[in-house]
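# Structural overview for review
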Amino acid sequence: MLEITLQRPQTSSAANAPPHFSNLVVPIRSLGENHRERIRAHLKALDASDRYYRFGFNASDDQIDRYVAGLDFDRDEIFGIYNRHLTLIAVAHLAFSIDMQVSPSSEFGVSVLPRARGRGYGARLFDRAVMHARNQGVRTMFVHALSENTAMLKIARNAGAHIERDGAEAEAHLSLEPATLNTQWAEIVEEHMAQSNYQFKVHARQLQDTFSRLQAIWLPHRHTDVLGTKPR
Ligand SMILES: CC(C)(COP(=O)(O)OP(=O)(O)OC[C@H]1O[C@@H](n2cnc3c(N)ncnc32)[C@H](O)[C@@H]1OP(=O)(O)O)[C@@H](O)C(=O)NCCC(=O)NCCS
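Overview of the structure. Small disclaimer: the values here were computed from a predicted structure and weren't measured.

### Details of the nonpolar core
In terms of nonpolar packing, the biggest core is built from 39 residues, with Ala-92, Phe-108, Leu-125 and Ala-129 touching the most fellow members. Ignoring anything within four residues of it in the chain, the contact list for Phe-108 reads Ala-92, Leu-94, Phe-126, Ala-129, Met-141 and Val-143.

Shown next, in the form of structure tokens:
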């Protein structure tokens, strides 16, 4: 099956340089109510250690259920990255302060499935959240993480955050610049590209399912579909 890899336009010298994750444009989309079940499945796929890193405690399935049920898609922003099988491989939650007029701040939490780590998705989600937060008038973004969470603290530090450690816990805070026309346009364009990419994956998946069904009718004894893969 085809998968689109989106990359920022490169200059000729950059094109010759070794690939670096900062050059990747990942289709990160804003998630709404109809993605709630997939967010739940994503979080429940995390093992105990990852749940501890993500939530700061050993979140049980019931606690994840309550967290997901409480997600407010109108107030907060949830971002996700889907793979070509429409599995949600990364999810970020940008929670806004209750009173944005008095204290325009937000808190960032993220998780990437183990098999998709080390590809820059965590950092890209952070960048996307920063852009959205700026466009919403947020002036400070916080991340709470365990002091031993090297990857998360690296993401925050690379973005310019100040990190304060307090024993086993750490708090990163990043001061944000006001929004510009550029950040506002960039967010619109990125969201549009991510939505298109998602629709493409949905249609590709439907096409593959249709081929598999037709093949099951025409060639009931074959065990592979027309694309040469085993039907799921
Ligand atoms: C933290 C997490 C989101 C990172 O996701 P990721 O997609 O693997 O991160 P990236 O690929 O964007 O890497 C970001 C940076 O961390 C570094 N990094 C990644 N994994 C690392 C590890 N295990 N140890 C040290 N550094 C690591 C990368 O090299 C990169 O730094 P660089 O750009 O300077 O090279 C992921 O490990 C995760 O989901 N962990 C469980 C949940 C969690 O800890 N959430 C954060 C608390 S809210």
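Once the structure has been displayed, the description carries forward.
### Observations regarding the packing of helix 5 (residues 121–135) against helix 7 (residues 181–218)
In the contact formed by helix 5 and helix 7, the axes pass within 9 Å of each other and the chain directions differ by 125°. When the axes of helix 5 and helix 7 are compared, the pair comes out oblique. The two elements helix 5 and helix 7 cross, and the hand of that crossing is left-handed. Contacts between helix 5 and helix 7 involve Met-131, His-132, Arg-134 and Asn-135 from the first element and Thr-183, Gln-184, Ala-186 and Glu-187 from the second. For the contact of helix 5 with helix 7, the class distribution of residues is two nonpolar, four polar and two charged.

### Remarks on the site of the ligand
The environment of the ligand is formed by 22 residues, the closest being Tyr-53, Arg-117, Gly-122, Ala-123 and Ala-151. The element that contributes the greatest number of residues to the shell around the ligand is helix 6 (residues 150–158), accounting for six residues. Among the residues forming the shell around the ligand, the class breakdown is nine nonpolar, eight polar and five charged.

### As for the sheet that holds strand 3 (residues 88–96)
Taken in spatial order, the seven strands make up an open sheet running 1-2-3-4-5-7-6, and their pairing is mixed. In the strand order of this sheet, the two ends are held by strand 1 (29–31) and strand 6 (162–166), each with one partner. Within the sheet, the average angular offset between the axes of one strand and its neighbour, ignoring direction, is 25°. Here strand 3 pairs with strand 4 (residues 105–112) via seven bridges, running antiparallel. Looking at the pairing, Leu-94 lines up with Phe-108 of strand 4. With respect to the sheet, helix 7 is in contact with strand 1 and strand 2 (77–82), its orientation differing from that of strand 1 by roughly 75°.

### Describing unusual backbone geometry
One non-glycine residue, Leu-86, lies in the positive phi region at around 65°. Within the fold, Leu-86 resides in the loop between strand 2 and strand 3.

### Brief notes about the packing of helix 5 against helix 6
Running from N to C, helix 5 and helix 6 point in directions that differ by 45°, and their axes come no closer than 10 Å. In terms of orientation, helix 5 and helix 6 fall into the oblique class. The handedness of the crossing between helix 5 and helix 6 is right-handed. Listed contacts from helix 6 to Gly-122, Ala-123 and Phe-126 of helix 5 are Ala-151, Ile-155 and Asn-158.

Cut-off values and rules
Residues numbered from 1 in each chain as written. Predicted model: local features only at pLDDT ≥ 70, side-chain atom pairs only at ≥ 80, totals over all residues. Core = buried A, V, L, I, M, F, W, Y, C linked by C-beta atoms within 7 Å. Buried ≥ 20, exposed ≤ 12 C-beta atoms within 10 Å, placed from the backbone. Contact = placed C-beta atoms within 7 Å. Axes fitted to C-alpha atoms, helices over the stretch in contact; angles between N-to-C directions. Helix = DSSP H or I, 4+ residues; strand = E, 2+ residues; numbered from the N terminus. Parallel < 35°, antiparallel > 145°, perpendicular 65-115°, else oblique. Left-handed = near helix turned anticlockwise from the far one by under 90°. Nonpolar A, V, L, I, M, F, W, Y, C, P; charged D, E, K, R; others polar. Near = placed C-beta within 6 Å. Pairing = 2+ DSSP bridges.

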